[in-house]
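Secondary and tertiary structure notes
Here are the chains, one letter per residue:
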Amino acid sequence: MSQLGWIEAPRVSLAQWDELTRFAAQVRRDGLSRVVVCGMGGSSLAPQVLATSFGASALTVLDSTDPAAVLAVARAPDLARTLFLITSKSGTTVETLAFYAYLAGHAQPEQFAVITEPGSPLEALARERRSRAVLPHPADVGGRYAALTVVGMLPAALVGIDGRALCQRAGAVDATRAAASGTALAAQAREGRDKLVLRPPPSVARLADWIEQLVAESSGKQGRGVIPIVDDPVAAPRDDAQVASAFSPDPLDLGAEFLHWEYATYALCQALGVNAFDQPDVEAAKALARAELAETGDRAPPPLATLTPEALRAAARPGDYLAILAYLPPRPEIAARLAAVRGAWARALGLATTLGFGPRYLHSTGQLHKGGPNTGLFLVLTADDPEDVAVPGMGITFGRLKQAQARGDIRALLARGRRVAHRHFARAEDVGALAAG
């Protein structure tokens, strides 16, 4: 099946917009004034970009299997006024199914709406549980290219964002010009400038997260790819980097930005000779995470043969990049400590750096880490969970799932000959110690 349905997504969503706004109005009449999008990668990043850019605080995202993140949603004081939007194209995404399984025990069926491909396991589950609605995910649009489909437009409608304007402005995108920008990115990457520093205006700053996912997961294959750099702590120009800063500051232009970057990324991948629409190494890491769960059961798993952080630093080469991969609570104070670590290592090593929370990054930059150029230094950080919680019907806890995902990704990185260090902390707050050296 063709995966080019994103080209027509603005037109299709314009035709659906009245239906989506009617659905949103009924949700509000029923007293559901908040929205939590439960999904991974493309299912969650576009809604999050829209919410932050438009200041729509009524919409938040759950894309972490960290027990603290899940419990924060379940224990929120406005739980009874929350609509949970469960999104997975395949209907088999383990994180999304785990969120649904847990939250279904804390909210009523009419508090759930589901977006998935027709015929998927998630569709069957949603109908069995009598969810408020099940909406079809376009079969010809991959998850990371779905921003202008119902995946992004229903959340927009639910929080009062003008999706009609977003799609109309997207319809004015010059496809030839956008594709040419992607071809130029590829040419620069072949010349050694394979880092792409993303610097959108502050009003749409989180657009960089969505572009990071699109470019990294689409291009990072067969030893090729472009490494996106978001929130770079070093402002000085890099010899191995290109800079993308010519973005519109108007949030209503986000639809046009989404489509522009989809065309550009498709052209980038064509020029690099890779498939823009698959993610083979993401699937490999998922298989290894499942193996971790099956092999260890309730036993403490044996340590993996990784480098120490000190040995990882010593292994750095010119042109490398450092990826900090944190399986920690995605709270602002933890993010601040990690940013300090990132800045310290960036200055000490003189390398481009990235930072991702796990398992979120597995659905974003994870493909690039394993399938892209072997120029990454990977620092995986984990910590004990002060409180854990069982996932109903799965025979696991969220903490065990998170641990298996971290170990599965380490194993996948090692299998690809990547340089990996793992550091475990008794408390997530202690991660800041790594900033000292």
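Each remark here, short or long, concerns the structure printed above.
Below is a summary of the structure that appears in this document. Keep in mind the model is a prediction, meaning the values are calculated, not measured.

Once that is clear, we can look at the side chain of R238. Residue placement: R238 occurs in the loop between β7 (227-230) and β8 (241-244). Of the residues examined, R238 reaches a relative accessible area of 16% and is grouped as buried. From its side chain, R238 meets the backbone oxygen of L351 in a polar contact 3.4 Å long. With near-sequence residues (within four places) excluded, R238 lies in contact with D232, G350, L351 and A352.

The next thing to look at is the sheet that holds strand β1 (residues 34-38). Spatially, the five strands line up as an open sheet ordered β2-β1-β3-β4-β5, and their pairing is parallel. The sheet terminates laterally at β2 (59-62) and β5 (133-136), the two strands that pair on one side only. On average, each strand axis in the sheet is inclined to that of its neighbour by 20 degrees, with strand direction left out of account. Judged from the five bridges that link them, β1 and strand β3 (residues 82-87) form a sheet pairing that is parallel. Opposite C38, over in β3, you have I86 as the bridge partner. The strands touched by helix α2 (residues 42-54) are β1, β2 and β3; relative to β2, the strand with the most contacts, the crossing angle is about 150 degrees.

Turning next to the sheet that holds strand β10 (residues 352-357). An order of β10-β9-β11-β14 is seen for the four strands of this open sheet, with the pairing classed as parallel. Two strands close off the open sheet at either side, each with one partner strand: β10 and β14 (419-425). Each strand of the sheet is rotated relative to its neighbour by a mean of 15 degrees, with strand direction disregarded. Inspection of the sheet shows strand β9 (residues 321-327) paired to β10 by six bridges, in the parallel sense.

Among the nonpolar cores identified, the biggest contains 70 residues, and L154, L158, L198, W210, F258 and W261 are the most heavily contacted of them. Element by element, the count of residues in this core is highest for helix α10 (residues 254-272), at 10 residues. Judged by nonpolar contacts, the second largest core, of 31 residues, contains V36, F84, L103 and F112.

With that out of the way, let us pick up the pattern of salt bridges. One pass over the full model with this rule turns up 31 salt bridges. Residues R416 and D281 are paired through a salt bridge, measuring 2.8 Å at the closest nitrogen-oxygen approach. Residue R416 is found in the loop between α15 (398-415) and β14, and its partner D281 is found in helix α11 (residues 280-296); the two are separated by 135 residues along the sequence. Since its relative accessible area comes to 7%, D281 is described here as buried. Across the pair R419 and D320 runs a salt bridge, and its minimum N-O distance is 2.8 Å. With R419 in strand β14 and D320 in the loop between α12 (309-314) and β9, this pair connects stretches of sequence that are 99 residues apart. Here R419 and D320 have matching classes, each one buried. Among the charged side chains, a network of salt bridges with common partners joins D63, R206, D209, D231 and R360.

Here is what the cut-offs are and how they apply
- Residues numbered from 1 in each chain as written.
- Predicted model: local features only at pLDDT ≥ 70, side-chain atom pairs only at ≥ 80, totals over all residues.
- Heavy atoms only, no water.
- Helix = DSSP H or I, 4+ residues; strand = E, 2+ residues; numbered from the N terminus.
- Buried < 20%, exposed > 50% of the residue type's maximum accessible area, 1.4 Å probe, protein only.
- Polar contact = N/O pair within 3.5 Å; in protein donor to acceptor, adjacent residues only side chain to side chain.
- Contact = heavy atoms within 4.5 Å.
- Pairing = 2+ DSSP bridges.
- Axes fitted to C-alpha atoms, helices over the stretch in contact; angles between N-to-C directions.
- Core = buried A, V, L, I, M, F, W, Y, C linked by side-chain atoms within 4.5 Å.
- Salt bridge = Lys/Arg side-chain N within 4 Å of Asp/Glu carboxyl O.

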